[in-house]
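Below, each chain spelled out in residue letters.
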Amino acid sequence: METAPARLADRVVAWARMPGAPAVLCAVSFAESIFFPIAVDVMLVPMCAAQPKKMVRLVFLTLVFSVAGGLCGLLLGYLAIDAVLPVIREWGWGEQYSRVQSWYGRWGYWALVMAAFTPLPYKVFAIAAGGLHMDVVAFVTASFLGRGLRFFLVGSLAAWLGPKALRAVRYSDRAGWALIGLVVVAIGLWWYL
C-alpha cells in the first residue's frame, strides 16, 4: 500500500504533465521553501526530461521562486518565530530545528548553502535563519548558490537522461544523497590530485 507522501509525489509528477505546468512549478517551488513536504525536484525532473531544450528556463523559474519562498520563510522566522515554533514541532521538525540552530552557530552562512544544495529541509533552515536574524543579503546569496547548483545539476541530469530520469523521481531523496556523495568524492579527488 502506498503512503501519503508517495501518493502526493505521484500527484506532483502528474502536475508536471499539465498544460500550465511551468506556473504550477513556480507555485510548488515557492511553497516547498516554506511548508510543502515534497521536494520540487519531483516536478522539475519530469519537466526537464520531457523538454530538455527548456531545461535552463525551468531551472531558472524553480530557482527564483524557491528563493522567493525562502525569503518568506526568513521573514516568517524573523517576525513570528515564537508563533511558528509550535507548528514546526507539531509537524515533526522540532528536533531538526534545534539541530539547524546549532549548525548555524557552528557554520553560519555555509550551513544554509549546504541545506539549499542537499535534500536537507531548506524550509526549516530558512525559518531558522529568520529566527536567528540572518542578514538578508547573506541569505539570498547562500540560497542562490546552493539552490542554483542543486537545480542545475538535477535539471541537467534529467535533460540528459530523458525518460529514464523518471524512475529516479520516486527515490529523489536517495538519489539526491547519492549525488551529494559523488560531488564530495569528485571535489576530494580534484583537491588531492
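About the criteria used
- Residues numbered from 1 in each chain as written.
- Predicted model: local features only at pLDDT ≥ 70, side-chain atom pairs only at ≥ 80, totals over all residues.
- Heavy atoms only, no water.
- Helix = DSSP H or I, 4+ residues; strand = E, 2+ residues; numbered from the N terminus.
- Buried < 20%, exposed > 50% of the residue type's maximum accessible area, 1.4 Å probe, protein only.
- Contact = heavy atoms within 4.5 Å.
- Salt bridge = Lys/Arg side-chain N within 4 Å of Asp/Glu carboxyl O.
- Core = buried A, V, L, I, M, F, W, Y, C linked by side-chain atoms within 4.5 Å.
- Patch = residues over 30% accessible without salt bridge, like charges linked within 9 Å, V, L, I, M, F, W, Y side chains within 5 Å.
- Areas by Shrake-Rupley, 256 points an atom, 1.4 Å probe, with all protein chains shown as cover.
- Expected span 1.5 Å × (residues − 1).
- Bend = angle between axes of the 7 residues up to and from the residue.
- Phe/Tyr/Trp six-rings, centres within 6.5 Å; stacked < 30°, edge-to-face > 60°.
- Axes fitted to C-alpha atoms, helices over the stretch in contact; angles between N-to-C directions.
- Parallel < 35°, antiparallel > 145°, perpendicular 65-115°, else oblique.
- Left-handed = near helix turned anticlockwise from the far one by under 90°.
- Nonpolar A, V, L, I, M, F, W, Y, C, P; charged D, E, K, R; others polar.

Asker: How would you summarise the overall build of the chain if you had to cite specific residues and measurements?
Answerer: In terms of regular secondary structure, the chain is built from 10 helices and 0 strands. Starting at the N terminus and ending at the C terminus, the chain contains elements arranged as α-α-α-α-α-α-α-α-α-α. Counting all 193 residues of the chain, 47% fall into the buried class. Partitioning the intrachain contacts of the chain with sequence separation of at least 6 by distance along the chain shows that 77% fall at a separation of at least 24.

Asker: So, the pattern of salt bridges: which residues are in play, and what are the values?
Answerer: Following the criterion strictly, the structure yields 4 salt bridges and no others. The partner of D41 in a salt bridge is R150, with the nearest N and O atoms 2.7 Å apart. With D41 in helix α3 (residues 41-50) and R150 in helix α8 (residues 136-161), the pair connects residues that are 109 residues apart, well separated along the chain. Each member of the pair, D41 as well as R150, is classed as buried. Ionic pairing is found between E95 and R99, a salt bridge with its closest N-O pair at 3.1 Å. With a gap of 4 residues between them, E95 and R99 both fall in helix α5 (residues 94-107), about one helical turn apart. Under the relative-accessibility criterion, E95 is labelled exposed at 61%. Here the salt bridges do not stand alone but share partners, grouping E32, K123 and R147 into one network.

Asker: Tell me about the nonpolar core, residues and numbers included.
Answerer: Counting residues in each nonpolar core, the largest one holds 26 residues, and the members touching the most others are I88, Y97, Y104, L112, F125, M134 and F139. Sort the elements by how many residues they give to this core and helix α7 (residues 122-131) lands first, with 7 residues. Counting 25 residues, the second largest nonpolar core, distinct from the first, contains V24, A31, L44 and M55.

Asker: Explain a nonpolar patch on the surface to me, and be specific about the residues and the numbers.
Answerer: Together, W107, W110, M114, L145 and L149 line one region of the surface with nonpolar side chains, adding up to about 500 Å² of accessible area. Residue assignment for the nonpolar patch shows that the elements contributing at least two residues are α6 (109-117) and α8. Note that M114 resides in helix α6.

Asker: Could you give me a rundown of helix α4 (residues 55-90), with the residues and numbers involved?
Answerer: Taking 1.5 Å of rise per residue, 36 residues should cover 52 Å, yet α4 covers just 37 Å from first to last C-alpha, more than 12% shy of that figure. Within α4, the axis deviates most sharply at A80, by approximately 105 degrees. Positioned one or two residues after α4, G92 has a phi angle of 85 degrees, which is positive.

Asker: Hey, could you go over the environment of C26 for me, with residue numbers and the actual values?
Answerer: Assignment of secondary structure puts C26 in helix α2 (residues 21-32). You can call C26 buried: its relative accessible area is 9%. Considered as a pair, C26 and T62 are 36 residues apart in the sequence and their alpha carbons are 5.9 Å apart.

Asker: Just give me the short version of the packing of aromatic side chains, but keep the residues and values in it.
Answerer: Centre distance and the angle of the planes are the two values used to describe a pair of aromatic rings. For the structure shown, the criterion picks out 5 aromatic pairs. For the pair W103 and F125, a centre-to-centre distance of 5.9 Å together with 35 degrees between the ring planes defines the contact as tilted. A residue pair is termed long-range when its members are at least 10 positions apart, and W103 in helix α5 and F125 in helix α7 qualify at 22 residues. A residue is classified by how much of its surface remains accessible, and F125, at 1% relative accessible area, is buried.

Asker: Tell me about α2, residues and numbers included.
Answerer: With 12 residues, α2 should reach 16 Å at 1.5 Å per residue; the first-to-last C-alpha distance of 16 Å fits that figure. Regarding α2, the residues found buried are A21, V24, L25, C26, V28, S29, A31 and E32.

Asker: Before we move on, could you go through the packing of α6 against α8 and cite the residues and values that matter?
Answerer: At their nearest, the axes of α6 and α8 sit 7 Å apart, and the two run at 30 degrees to each other. Considering their axes alone, α6 and α8 lie roughly parallel with respect to each other. For the pair α6 and α8, the sense of crossing is right-handed. Side by side, α6 and α8 meet where Y109, W110, L112, V113, A115, A116 and F117 of the first sit next to A138, F139, T141, A142, S143, L145, G146, R147, L149, R150 and L153 of the second. For the contact of α6 with α8, the per-class residue count stands at 13 nonpolar, 3 polar and 2 charged.

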